[in-house]
Amino acid sequence: MRKKQVFFWIFCLSALATFFAIACIHVRVLPPLICAENIWDVEVSRKVEKDPSFQETLFYQRVVAKKAPYPSFQSKLVARYTPPKPGKGQGHVFLGIRGEEPLSLSSTKPLYLAYEPYSSGEMPKLYFAEKSDFSLEPVRCEPGLLVLQPRWKPKRLSFDPAEERLWTLRFEPLPETALLQAEPCFAYLAKAQYLGEDLFVEKAYSQKVYWVRTSLGTCLPLRVGDCCVHDGSVWKANSFADEELDQPLFRVQKADDTTLVCEAWNCSGEKYALISLKRQASIPCTFSGNSLEIHSLKTPKTLAFSLENSPLLMRPGQWAAKIGGSWQRVESEAELQRLLTECPTFFFEKLCKREGKKWFCGKLYSPFRIACLPVEEEWIYVKNGPPSHLSTKSKTRSPP
């Protein structure tokens, strides 16, 4: 009888100990090494001691062990933003895993992430899924930043409230080399040449106009904010129909003496690039005092003179162009716009008096008017000589 009582009490104590152990594991009050998660930590620590490089995979091992991404998982994500394409309304926000094609992010739908199980010592492959226990919900976009809310479903017993804090990702530009390979229109733009600023327009109209020569030879005068579309063969500036906004488009963002920066969009407006064009070296203007000879005033406003032995009859405000080795007067604005991209031009600015002396003032421009040399000539009258023998005293200045 006594023996039966001893076995009974042993059975009861064993059952009670088993129940107590199970309960303690769930409430996490047993010593650390009893919990499965800490046993895993000890195993990882041993691997790190043997192989320090294993530390790099520690984050991914935790992803698998906990069955959900850990907060530092956000470092494996990349966010990109495409500003609105002119005429297309809103911009586009993209979220992706580094090294892979990003997905367009909707303001109302979350993105789900999952992983493939890892082999010993290997990192699992993270990927987007139609449904999983982990999702990222867009919260808002700030200047240069994307704010996301991570969600786990269901929450784990070991859930850490810090794991659902907002994630902030800085927008990163797509590498220019990748864009040029993906979009031929971007490659065409990257091959364009930035020639410089039109110095006449800046002086006469207080406007900044910059010359760009495309890879196909088209020359475009552009201001900051101007847009150009690619119709499949050439870039067209500022004169296109609304339906042409579906074509590749670029817009001048900023420009200075050395660099012109363009924003570029593909047809859909989802791919965007900032392309910088460095200014090409320009040929300076040259002028000698013997190149200009003033003959006479035909009328109070019309002057007869020779420029590099080419006779000209011009009024202030008129242009001449050097065509085929000789200077000729330009008769129309359309002709001037065509010639100024091909050859040097000369602008007869004014006739004036300084301290009782007569002066001839003009400007010599290189092609595209990106280099300028002011030319000022003093008239010196020769006594007992006919009007046609008026001589000149040259005074030229260096380009600004």
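The rules we used
Residues numbered from 1 in each chain as written. Predicted model: local features only at pLDDT ≥ 70, side-chain atom pairs only at ≥ 80, totals over all residues. Heavy atoms only, no water. Helix = DSSP H or I, 4+ residues; strand = E, 2+ residues; numbered from the N terminus. Buried < 20%, exposed > 50% of the residue type's maximum accessible area, 1.4 Å probe, protein only. Contact = heavy atoms within 4.5 Å. Pairing = 2+ DSSP bridges. Axes fitted to C-alpha atoms, helices over the stretch in contact; angles between N-to-C directions. Salt bridge = Lys/Arg side-chain N within 4 Å of Asp/Glu carboxyl O. Polar contact = N/O pair within 3.5 Å; in protein donor to acceptor, adjacent residues only side chain to side chain. Phe/Tyr/Trp six-rings, centres within 6.5 Å; stacked < 30°, edge-to-face > 60°.

Whenever I open this one, the overall build of the chain confuses me. Can you help?
What the chain contains, in helices and strands, is 7 helices and 25 strands. Counting every position in the chain, which comprises 400 residues, the buried fraction comes to 39%. Residue pairs at least 24 apart in sequence account for 41% of intrachain contacts in the chain once pairs closer than 6 positions are excluded.

Quick question: what am I supposed to make of the sheet that holds strand β1 (residues 77–82) here?
Hydrogen bonds between backbone groups are what pair the strands of a sheet, and the pairing can be parallel or antiparallel. Here 3 strands make up an open sheet; going across it, the order is β1-β2-β3 and the pairing antiparallel. On the outer flanks of this sheet lie β1 and β3 (103–104), each paired with one strand and no other. Alignment of β1 against strand β2 (residues 92–97), held across 6 bridges, turns out to be antiparallel. Looking across to β2, one finds that Arg 80 is bridged to Phe 94.

Where do I start with the sheet that holds strand β4 (residues 111–115) in this structure?
Strands sit in the order β5-β4-β6-β7-β8 across an open sheet of 5 strands; the sheet is antiparallel. Pairing within the sheet leaves two strands with one partner each, and these edge strands are β5 (126–129) and β8 (167–170). Averaged over all pairs of adjacent strands, the angle between their axes in this sheet comes to 35°, without regard to strand direction. Note that strand β6 (residues 134–142) and strand β7 (residues 145–152) share 8 bridges and pair antiparallel. Bridge pairing in β7 places Pro 138 opposite Leu 148.

What is the right way to look at the pattern of salt bridges in this model?
Once the charged atoms of two side chains with opposite charge are near each other, the side chains can pair. Applying the stated criterion across every chain yields a total of 10 salt bridges. Glu 197 serves as the salt-bridge partner of Lys 208, at 3.5 Å between the closest nitrogen and oxygen. Within this pair, whereas Lys 208 is found in the loop between α6 (199–205) and β10 (210–213), its partner Glu 197 is found in strand β9 (residues 193–197), the two being separated by 11 residues in sequence. On the basis of relative accessibility, which here comes to 44%, the residue Lys 208 falls in the partly exposed class. Assessed through its relative accessible area of 9%, Glu 197 is described here as buried. For Glu 349, the salt bridge identified is with Lys 363, shortest N-O distance 3.1 Å.

What exactly am I supposed to notice about the side chain of Thr 302 here?
Structurally, Thr 302 can be placed in strand β18 (residues 302–307). Thr 302 gets classed as buried once you look at its relative accessible area, which sits at 11%. Of the polar contacts made by the side chain of Thr 302, one reaches the side chain of Thr 299; its length is 2.8 Å. Not counting the four nearest positions on each side in its chain, Thr 302 is found in contact with Ser 296, Leu 297, Leu 313, Met 314 and Arg 315.

Would you mind showing me how to read the packing of aromatic side chains here?
The geometry of two aromatic rings is summed up by the distance between their centres and the angle between their planes. Taken as a whole and assessed by the stated rule, the structure comprises 18 aromatic pairs. Consider the rings of Trp 211 and Phe 368, whose centres lie 5.3 Å apart with planes at 65°: the pair is edge-to-face. In this pair, Trp 211 sits in strand β10 while Phe 368 sits in the loop between β23 (357–365) and β24 (372–380), placing the two residues 157 residues apart along the sequence. A single burial state applies to Trp 211 and to Phe 368, both of which are buried.

Any chance you could explain unusual backbone geometry here in plain terms?
If a residue is not glycine, its phi is most likely negative; likewise, a peptide bond is most likely trans. In this model, Ser 206 sits at a positive phi of 55°, which is unusual for a non-glycine residue. The topology assignment puts Ser 206 in the loop between α6 and β10. If you check the backbone angles, Phe 368 has positive phi at about 70° while not being a glycine.

What should I look at first to understand the pairing of β18 in this one?
Side-chain direction in a regular strand flips from residue to residue, so the side chains alternate between the two faces of the sheet. With respect to burial, β18 is a largely interior element, 6 of its 6 residues being buried. Alternating positions in β18 separate into two faces, Thr 302, Ala 304 and Ser 306 on one and Leu 303, Phe 305 and Leu 307 on the other, with burial throughout. The turn linking strand β17 (residues 292–299) back onto β18 is made up of 2 residues. Of the pairings in the sheet, the one linking β18 to strand β19 (residues 310–314) comprises 5 bridges and is antiparallel in character. When the bridges of β19 are listed, Ala 304 appears paired with Leu 313. The turn joining β18 and β19, which pair antiparallel and follow one another in sequence, is formed by 2 residues; a positive phi near 50° is taken by Glu 308.

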